[in-house]
Amino acid sequence: MLVPLTRQKFEQVVPLIATGLQYKYYWGKFSNFLQRLLISVVAVVILLLVTVIFKLEFASIVFVLGVISAFFWLWYPVFQASMRNLQYRRYKYGGFFRGRVLDWWITDQLVGKQETVNNKGELVIVENREKQINLEVGDETGFTIEFVAPLRPAHKVITRGQIAEMVVMSNRPDLSSIEEFSDIYFPSRDLWVSDYPYLRRDFFNEIGRRLREDQQQKPRRRRRREEE
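Just so it is clear, the structure is predicted and the values come from calculations on it, not from any experiment.

## Brief notes about the overall build of the protein
In terms of regular secondary structure, the protein is built from six helices and eight strands. Rg of the C-alpha trace for the protein: 24 Å, well past the compact-globule value of 17 Å for 228 residues, more than 25% over. When its C-alpha atoms are laid out on the principal axes, the protein stretches across 90 × 60 × 30 Å. For the protein, with 228 residues in total, the buried portion stands at 32%. In the protein, of all internal contacts separated by at least 6 residues, the share reaching a separation of at least 24 is 67%. Within the structure as shown, the protein displays about 15,100 Å² of accessible surface, and the carbon and sulfur contribution to it stands at 56%. The protein carries 33 positive and 26 negative side-chain charges, and their two centres are separated by 4 Å.

Structural data, given as structure tokens:
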């Protein structure tokens, strides 16, 4: 099932400004925080040196730049997430897709390499691999989507035939050509499968709930008409 979304609904479910989950994603590990903090310190020091050496008198501008530099470690994850959200919001049309899991499988993905030296002084290349879950989701029309995300322990409850929901993006009004799609939601397990959480999950769940209620009401209406 594929239901077109109005532009207003699409922009609600794909936010412009980073959500809490998106901010957490780009906050990263402690090492990422230290990198941002170091950039903040270096930027403030450079700004102070430039101000003293060149005797700049633009106090208000220097103050604003100083604040931006000092809090770089705090606002940069918001900027990163918002720029990523813009990549999805650039599509003109969006739709709510509901299908079922046709198949799933696990693969190993090479995510990086590290060079180290062993006890013999020999150069050794260590490959960093990450297990990923691959999902094939489709509906009765024959439309299918292949989705890949990092494997998590919660994914063990996923089985073939489960209902899966997501938002799809297109530049065509009839959604005949799908350009991109979001993370996947399994309503029966209240489970999200994703790498980056693209959607406002509260808005998405509300849309899904209303569509499920509409589907449940349609058979009842037909029965009433048959009885009449």
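## A few points about the UniProt feature "transmembrane region" (unreviewed entry) in the protein
If you check UniProt for "transmembrane region" (unreviewed entry), the listed places come out as residues 33-54 and 60-79 in our numbering. The annotated region residues 60-79 carries 95% helix and 0% strand content, and the separation between its end C-alpha atoms amounts to 23 Å.

About the thresholds
Residues numbered from 1 in each chain as written. Predicted model: local features only at pLDDT ≥ 70, side-chain atom pairs only at ≥ 80, totals over all residues. Heavy atoms only, no water. Helix = DSSP H or I, 4+ residues; strand = E, 2+ residues; numbered from the N terminus. Rg over C-alpha atoms; globule rule 2.2 N^0.38 Å. Buried < 20%, exposed > 50% of the residue type's maximum accessible area, 1.4 Å probe, protein only. Contact = heavy atoms within 4.5 Å. Areas by Shrake-Rupley, 256 points an atom, 1.4 Å probe, with all protein chains shown as cover. Lys, Arg positive; Asp, Glu negative; His and termini not counted. Charge placed at Lys NZ, Arg CZ, Asp CG, Glu CD. UniProt positions renumbered as here; feature names shortened; annotations may be inferred.

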